[in-house]
Amino acid sequence: MRSQDSRSVGELLTACDLGARELLTEPDLWSAVELLRAWPELVQAGHELLAATRTPVAVGQTDPASVDEVAERLRLVADGMHAQLSRRGWPGPGPGDARMVAISDVLVRVHDRVEWRWRRPVLERTDVAADAAAVRARVLHTLYISTHAVLLAVRREALDARQRPGGLTRVQSRRFGALRYAAGRLESAERMLSVPVYRAFPSALSGQHVDTPRPDRLAAGLARWELEAHRTMARSPGLGALLEVSQVQAASTAMTRTVLAAVPVGARTETTIHDTEVDCALAAVASAWQSLHSEVRALTDLADRSAPAALTAAGAELTAAFSEVLTTGTEVSNPATIGGAISVGAVAALTESLATQVDIATVVVDAVTSEPFTLRARTAQESVRRLEAAAAHGSLHAVVAPEDLAAGRAVAVPIELRDVLIHRAAHVRRVTGFLSSLPLAPHLADRAPERRRPAATPAQTRQLARLAVAGHSH
């Protein structure tokens, strides 16, 4: 995955920030034990990255400490809390939260890249110092959100322990005391981070360097994603892979809609109705993929969401390629800027990907109908109960075996839940089939800016002809 990841430092840190925010979207899945185990490692990774981007006090001067004051204080809090909890025997050894560990790994990768490129003389340059300030703002914001998520999880678990009927045993009392201690230290860390975060974020991001969009990046990202999506769903499908495919397909379709809407319209007035039809079709496809994604997300626990690394890397690269066109630093680009940044080749790649979306949808339907997906027994039971509550006459009676629930085993997806997935996937195939029937390529190629459209070569002419055939072949 590392060798295939071509995202910039800013794109990697943006992904870390979004990953930290996702910790707050599903509070019911939090595990205070796993979060507390992973938080010191995250703080250490952030501390090392901030030390690598520490700029001198003034040009020509040397900072002897070469550390970030806020990061150093936060590291001391994390080390002290880890040592104190280790003496208390809770939470003890074990795995940390997978999402927070993934964020820590990305911060370590960014540190290695920054330390290799930004030596002390380089950090004295004004442009590099602006980039270093942006890195510091993003890292502090990620640490702030992650610390808040851990604090909320600890508070919830402490409240559950206090409200447990029958009082607390000796072991539970020690655990409750450790939770209260951890909550106090996390509150101090959150207050420590709040002031510099609100001072630096997002104003410090405005001075960062933003690369000019590469003409071939979006087309290469689309090709790579389609290959990995087909390969994964055909060879090793699972709920985690289905969750990743549906999420990236929903996001990329929505972003494609924004890009194509920003391509300047030519002089032909009769294209207005067709533009509306294409826009409505794109909105329907994005909504269908999102509905499938929401259904799979509701059926899965964190342990069931692991996807192949190659698929995750391809999805991250495609999202970054779209963001390069749709955003300028910290703001969403206006339609004129998007239209000027997109090339004829990228428009052709986008229209070709829309025409072939039905192929990905077909592979997804085949996987859902034929593959024996598994999920945690408790998650399956809770999902079936939600379906039973929504059934018209309580017609669902699927029950997970009690021994599977007690052992926490992985069980096959109940037939009622599989029917829901099949229904969502079939709907995706229907709307993508309608989208692929539209003559997208010739129409949208005419909408590209004249200054960006060179004379068509024979190879390009043959490519547009193939796209037109693909648009009518489903």
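In what follows, the accompanying structure is described. Since the structure is predicted, the reported quantities are computational estimates derived from the model, not experimental observations.

Criteria and thresholds
- All residue numbers here refer to positions counted from 1 along the written sequence of the relevant chain.
- Selection of residues for local features in this predicted model requires a pLDDT of at least 70, selection of side-chain atom pairs for listing and counting requires 80 or more, and totals for whole chains, interfaces and linings are taken over all residues.
- Based on all heavy atoms of the structure, the side-chain values leave hydrogens and waters out of the count.
- Whenever a helix is involved, its axis is fitted only over the stretch in contact; in every case the axis is a line through C-alpha atoms, and angles between N-to-C directions fall within 0 to 180 degrees.
- Numbered from the N terminus, helices here are DSSP runs of H or I no shorter than four residues, and strands are runs of E no shorter than two.
- Roughly parallel here means an angle under 35 degrees, roughly antiparallel means over 145, roughly perpendicular means 65 to 115, and every remaining angle is called oblique.
- It is the rotation of the near helix from the far one that decides the hand of a crossing: anticlockwise by less than a right angle makes it left-handed, clockwise makes it right-handed.
- Here, residues are in contact when the closest pair of their heavy atoms is within 4.5 Å.
- Three classes are used: nonpolar for Ala, Val, Leu, Ile, Met, Phe, Trp, Tyr, Cys and Pro, charged for Asp, Glu, Lys and Arg, and polar for all others, with Gly counted as polar.
- Expected span of a helix, by definition, is 1.5 Å for each gap between consecutive residues, and there is one gap fewer than residues.
- Burial here depends on accessible area, computed with a 1.4 Å probe over protein chains only, as a share of the maximum for the residue type. Under 20% is buried, over 50% is exposed, and the range in between is partly exposed.
- Under the pairing criterion, centres of Phe, Tyr and Trp rings, with the six-membered ring standing for Trp, must be within 6.5 Å; the plane angle then separates stacked pairs below 30 degrees from edge-to-face pairs above 60, leaving the rest tilted.
- Whether a set of points on the 1 Å grid over the protein atoms alone is a cavity depends on a 1.4 Å probe fitting there but being unable to get out, while an open set qualifies as a pocket with protein on both sides within 12 Å along at least five of seven lines; lining residues are those with an atom within 4 Å of a point.
- Grid points are joined across faces, edges and corners, and a volume is the space filled by probe spheres set on the points.

Some details on the packing of helix H2 (residues 32-52) against helix H3 (residues 69-88)
At step 1: Relative orientation of the contacting elements H2 and H3 amounts to 155°, with a least axis distance of 9 Å. The angle between H2 and H3 falls in the class roughly antiparallel. Crossing of H2 against H3: the hand is left-handed. Where H2 abuts H3, its residues Leu36, Trp39, Pro40, Val43, Gln44, His47 and Leu50 lie against Ala71, Glu72, Leu74, Arg75, Ala78, Met81, His82 and Leu85.
At step 2: The residue makeup of the contact of H2 with H3, split by class, is 10 nonpolar, three polar and two charged.

Brief notes about helix H9 (residues 239-262)
At step 1: Over its 24 residues, H9 runs 35 Å from end to end, which matches the ideal 34 Å to within 8%, given 1.5 Å per residue.
At step 2: Taking burial as the measure, the 24 residues of H9 include 18 buried ones, the bulk of the element.

Describing the packing of aromatic side chains
At step 1: What the rule picks out here adds up to one aromatic pair.
At step 2: Centre to centre, the rings of Tyr144 and Tyr198 are 6.1 Å apart; their planes meet at 75°, and the pair counts as edge-to-face. Of this pair, Tyr144 sits in helix H6 (residues 126-162) while Tyr198 sits in helix H7 (residues 170-200), and the two are 54 residues apart along the sequence.
At step 3: Looking at Tyr144, the relative accessible area reads 15%, which means it is buried.
At step 4: The exposure class assigned to Tyr198 is exposed, which follows from its relative accessible area of 62%.

Section: the environment of Arg155
At step 1: Tracing the sequence through the fold places Arg155 in helix H6.
At step 2: Expressed as a C-alpha distance, the spacing of Arg155 and Ala183, which sit 28 residues apart in the sequence, is 6.6 Å.

Topic: the side chain of Arg99
At step 1: The topology assignment puts Arg99 in helix H4 (residues 98-117).
At step 2: By relative accessible area, which is 19% here, Arg99 ends up buried.
At step 3: Beyond its immediate stretch of four places on either side in the chain, Arg99 contacts Glu22, Leu23, Leu29, Trp30 and Leu302.

Points about the environment of Arg174
At step 1: Here Arg174 is to be found in helix H7.
At step 2: Expressed as a C-alpha distance, the spacing of Arg174 and Trp90, which sit 84 residues apart in the sequence, is 8.4 Å.

Comments concerning empty space enclosed by the protein
In this approach, a probe sized like a water molecule rolls over the atoms, and the result shows the empty space that is left.
At step 1: According to the stated counting rule, one finds five cavities of 30 Å³ or more in the structure shown.
At step 2: In this structure, the largest cavity spans a volume of roughly 90 Å³.
At step 3: Considering the residues around the largest cavity, the lining is formed by 13 residues, among which Leu222, Gln249, Ser252, Ser353 and Gln357 are closest to the centre.
At step 4: Counting residues per element, the lining of the largest cavity draws most heavily on H9, at four residues.
At step 5: Its residues placed into classes, the lining of the largest cavity shows five nonpolar, seven polar and one charged.
At step 6: Empty space within the second largest cavity amounts to approximately 70 Å³.

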